[in-house]
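Below are the chains, spelled out letter by letter.
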Amino acid sequence: MRMRINKKNIKWTLLLSYILIYILMRPFLISYVSKHCKYLFLVLVLIVVLLSIASKKCINTIGSKELLLLSLLYIFIIANALWYGGDELVIKALSAYILYTFPIIVLPFISNKIKWLSIFKCLSIFGVIDAGISIIEFVTRQRMFPKAGIEGGINLVTSAGTNIVRTYGLQGSFFILSDILCLCAFSSWYMYRIQKKNVYLLFWILISLGILSTGSRGYYVSYFIGMFIMYMCEGVVDHSRRKMTSSKLLVYVLILLSGLIMTYIIFFSSMVTGIENIDVVIKRMRMIIDWKGDSANLNRLRIWRWAISYWKESVMTGHGACCTDLSYSGYISVTESGVLKRLVELGIIGTVLQYLTMITPIAHGIKKIRSNKSNPTVLVAIGVLAAYFVEDCVLQRYTSPEYTMILWFSIAYIAYAKNKTQKE
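Keep in mind the model is a prediction, meaning the values are calculated, not measured.

Give me the overall build of the protein: which residues, what numbers.
Each helix and strand in the protein was counted, giving 16 helices and 2 strands. When the 424 residues of the protein are sorted by exposure, 51% land in the buried category. Long-range pairs, those at least 24 residues apart, make up 72% of the contacts in the protein with a sequence separation of at least 6. For the protein, the exposed surface amounts to about 20800 Å²; the carbon and sulfur share of it is 68%.

This is the structure:
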């Protein structure tokens with residue numbers, strides 16, 4: 001019997017696969033393949049957006065309230081950027097604040113065309129590769145792909161003389177690398193929980209080690225919080241996991257005790273292992289709670305105070321969308337916080353509108369979870385959302401391409417993923 005190949009499905013697979021690959025390794029593709037990769041990505045995204053907008057089902061799924069909020073936000077962003085920075089700022093704002101939100105428009109349209117468990121499997125495998133590169137860079141203190149991205153060397157020394165190791169992976173940035181590895185780690189953990197295959201547990205461990213090797217202490221915190229929330233939400237999202245057994249209770253107790261012991265050793269003692277690579281990570285973790293002697297934390301506090309002061313000069317409308325971006329000719333300064341970035345750039349009006357466009361679909365998704373209509377795979381999106389929101393409070397990540405697109409994919413998936421688990 002001859003098997004018929006669905007050419008339409010092949011086209012969608014290729015199109016969406018390229019979009020995913022570009023998001024996962026944008027700097028590598030641009031630096032080592034071709035600068036034209038960016039333009040191909042933009043064309044494909046535009047095609048999917050236009051097809052989504054033309055779909056009546058897609059528009060009905062999103063709902064008039066969310067569409068109205070998005071329209072008001074987009075109009076405000078363009079007017080705000082035009083008023084404060086002219087054409088240059090408008091072009092930047094169109095990408096950062098509008099284009100990168102495309103997942104909220106397209107996911108209701110493409111959701112049924114994607115085998116999500118296959119996506120999570122691919123993310124798990126990619127995460128192992130990316131984490132492996134990060135770990136090798138950490139051990140050798142050498143970048144494997146130095147042309148990717150614009151950031152510098154592996155070894156850094158703080159003003160206090162503390163050695164910091166930064167890794168870059170396929171992304172050319174320790175921040176982007178951490179963004180991607182968090183997504184991959186949540187995917188591998190979910191695959192382990194539903195399929196009970198030890199290979200995914202091994203993947204999760206390797207990717208977690210990769211996150212530690214990046215030296216991004218903000219992601220140490222946000223990743224832990226994301227994993228904790230994802231794990232605690234299992235029983236809420238998947239009713240089959242709600243029953244508390246004695247074995248589950250024992251696991252919870254052991255995890256709690258282990259967590260308390262590790263917390264004491266890392267944060268409230270001066271204990272070291274004598275193994276340089278491990279001690280570098282431990283010392284980096286201890287810097288998280290040092291808000292009196294750590295120069296980076298003190299500088300962050302100074303920048304936060306400046307950002308609040310600068311925002312107060314234009315409370316309602318801010319100083320222009322993307323005015324804190326390094327690539328802007330009238331660049332002011334980094335705010336070191338996504339929340340403060342919005343206030344400085346958009347003021348109260350734009351900030352409220354921007355968060356409402358996120359809260360509305362999330363609330364819709366929560367209703368589905370409460371009514372037991374949600375797909376259990378939303379656990380991955382919940383983990384990502386929790387981690388990314390935490391990170392964006394203490395670091396200026398929003399409008400960064402990978403961070404912003406993955407964030408909006410997570411929001412859209414929680415809200416609009418189809419109700420029943422897909423069988424593959």
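Continuing now.
Tell me what's going on with the packing of aromatic side chains, and back it up with residues and numbers.
Tallied over the entire structure, the rule returns 20 aromatic pairs. Look at Y22 and F41: their rings are 4.3 Å apart centre to centre, the planes differ by 20 degrees, and that puts the pair in the stacked class. A residue pair is termed long-range when its members are at least 10 positions apart, and Y22 in helix α1 (residues 7–33) and F41 in helix α2 (residues 37–54) qualify at 19 residues. No difference in accessibility class separates Y22 from F41, as the two residues are buried. When the centroid spacing of 5.7 Å and the interplanar angle of 50 degrees are considered together, the rings of W189 and Y192 count as tilted. Here W189 and its partner Y192 are both found in helix α7 (residues 174–195), 3 residues apart, which amounts to about one turn of the helix. Across this residue pair, the class does not change: W189 and Y192 are buried. In textbook terms, an aromatic cluster arises when at least three aromatic residues are bridged by ring pairs, as seen for Y18, Y22, F41, F102 and F409. When the ring centre of Y32 is taken as origin, the NZ or CZ atom of K147, which lies over that ring, is 4.9 Å away. It is R342 that lies over the ring of Y398; its NZ or CZ is 4.1 Å from the centre.

Kindly report on the nonpolar core, identifying the contributing residues and their values.
Burial of nonpolar side chains together is a common tendency in soluble globular proteins. Counting 112 residues, the largest nonpolar core has I19, F41 and F186 as its most contacted members. Residues within four places of F186 in sequence aside, it is in contact with Y223, G226, M227, M230, V380, G383, V384 and A387. Counting 10 residues, the second-largest nonpolar core is a separate cluster that includes F138, I154, Y168 and Y220.

Any chance you could break down the side chain of T101 for me, citing the residues and the numbers?
The residue T101 is located in the loop between α4 (64–98) and α5 (103–110) in this model. Residues in contact with T101, not counting those within four places in the same chain, are Y74, Y398 and W408.

Kindly report on the pattern of salt bridges, identifying the contributing residues and their values.
As enumerated under the stated definition, the model contains 7 salt bridges in all. For E234, the salt bridge is made with R193, and the minimal N-O distance between the two is 2.9 Å. With a gap of 41 residues between them, E234 in helix α10 (residues 234–237) and R193 in helix α7 connect regions that are remote in the sequence. With its nearest N and O atoms 3.5 Å apart, the salt bridge here joins R300 to E336. One end of the pair, R300, is in helix α13 (residues 295–311); the other, E336, is in the loop between α13 and α14 (338–370), with 36 residues separating them in the sequence. Accessibility expressed as a relative area gives 15% for R300, which makes it buried. Residue classification places E336 among the buried residues on the basis of a relative accessible area of 16%. Beyond isolated ion pairs, a larger network of salt bridges with shared partners links D325, K341 and E345.

Tell me about unusual backbone geometry, and please be specific about residues and values.
Look at C322: it is not a glycine, yet its phi comes out positive at around 75 degrees. Of note, C322 is situated in the loop between α13 and α14. Residue class for C322 comes out buried when judged on its relative accessible area of 0%. Although it is not a glycine, T399 sits at a positive phi angle of roughly 85 degrees. As for its placement among the helices and strands, T399 is situated in the loop between α15 (378–394) and α16 (401–416). Since its relative accessible area comes to 9%, T399 is described here as buried.

Hey, could you go over the packing of α13 against α14 for me, with residue numbers and the actual values?
Direction vectors running N to C along α13 and α14 enclose 5 degrees, while the axes themselves pass 9 Å from each other. Of the possible angle classes, the one that applies to α13 and α14 is roughly parallel. Taking contact as the criterion, the partners of W304, A307, I308, Y310 and W311 in α13 are, on α14, L340, L343, V344, G347 and I348. By residue class, the composition of the contact of α13 with α14 is 9 nonpolar, 1 polar and no charged.

I'd love a proper account of a nonpolar patch on the surface, names of residues and values included.
The grouping of V315, M316, I348, I349, V352, L356 and I359 at the surface amounts to a nonpolar patch, some 520 Å² of accessible area in total. Inspection of the secondary structure assignment puts V315 in the loop between α13 and α14.

Hey, could you go over the packing of α4 against α14 for me, with residue numbers and the actual values?
Relative to each other, α4 and α14 sit at 155 degrees, their axes nearing to 9 Å. If you check the angle between α4 and α14, you find them roughly antiparallel. Along this stretch, α4 crosses α14, giving a crossing that reads as left-handed. Between α4 and α14, the contacting residues are K65, E66, L69, L70, L72, L73, F76, I77, N80 and Y97 on the first element and K341, R342, E345, L346, I349, G350, L353, Q354, L356, T357, T360 and P361 on the second. Looking at side-chain class alone, the contact of α4 with α14 contains 12 nonpolar, 5 polar and 5 charged residues.

Quick rundown of α4? Include the residues and the values.
The terminal C-alpha atoms of α4, which comprises 35 residues, lie only 18 Å apart, well short of the 51 Å expected from a rise of 1.5 Å per residue. Of all the bends found along α4, the most pronounced is centred on G85 and spans about 140 degrees.

A description of the environment of K418 should follow, citing residues and the corresponding values.
Mapped onto the elements of the fold, K418 is located in the segment after α16. Separated by 307 residues in the primary sequence, K418 and S111 have C-alpha atoms spaced 7.0 Å apart. In contact with K418, not counting residues within four places along its chain, are S111, N112 and N375.

Calculation criteria
- Here the residue index of a chain counts from 1 through its sequence in written order.
- Where totals are concerned, whole chains, interfaces and linings use all residues; where local detail is concerned, this predicted model gives features only for residues with pLDDT of at least 70, and gives and counts side-chain atom pairs only at 80 or more.
- With hydrogens and water set aside, each side-chain value is computed from the structure's full complement of heavy atoms.
- Per the convention used, a helix needs a DSSP run of H or I reaching at least four residues, while a strand needs a run of E reaching at least two, with both numbered from the N terminus.
- Relative accessible area decides the class of each residue, using a 1.4 Å probe on protein chains only: under 20% of the type maximum gives buried, over 50% gives exposed, and in between gives partly exposed.
- Here a residue-residue contact requires only that any non-hydrogen atoms of the pair lie within 4.5 Å.
- Computed by Shrake-Rupley with a 1.4 Å probe, the accessible areas treat only the displayed protein chains as cover when residues are assessed.
- Paired rings are identified among Phe, Tyr and Trp, the last through its six-membered ring, by centres lying within 6.5 Å, and are further divided according to the angle between planes into stacked (under 30 degrees), edge-to-face (over 60) and tilted (the rest).
- Charges are assigned to positions over rings by a cutoff of 6 Å between ring centre and Lys NZ or Arg CZ, combined with an angular limit of 35 degrees from the ring normal.
- Nonpolar cores were defined as sets of buried Ala, Val, Leu, Ile, Met, Phe, Trp, Tyr and Cys residues, with membership established by side-chain atoms within 4.5 Å.
- A side-chain nitrogen of Lys or Arg and a carboxyl oxygen of Asp or Glu constitute a salt bridge if their distance falls within 4 Å.
- Under this scheme, a helix contributes an axis fitted over its contacting stretch, all axes are lines through C-alpha atoms, and angles between N-to-C directions fall in the 0 to 180 degree range.
- Oblique is the label for any angle not covered by the other classes, which are roughly parallel (under 35 degrees), roughly antiparallel (over 145) and roughly perpendicular (65 to 115).
- By the convention adopted, Pro, Cys, Tyr, Trp, Phe, Met, Ile, Leu, Val and Ala count as nonpolar, Lys, Arg, Asp and Glu as charged, and the other residues, Gly among them, as polar.
- Patch membership requires more than 30% relative accessible area and the absence of a salt bridge. Residues of like charge join within 9 Å; the nonpolar side chains Val, Leu, Ile, Met, Phe, Trp and Tyr join within 5 Å.
- Left-handed is the label given to a crossing in which the near helix is rotated counterclockwise from the far helix by less than a right angle, and right-handed is the label when the rotation is clockwise.
- Expected helix span is taken as 1.5 Å per residue step, with the number of steps being one fewer than the number of residues.
- Two axes enter the bend calculation: one fitted to the seven residues ending at the residue in question, the other to the seven starting there, and the bend is the angle between them.

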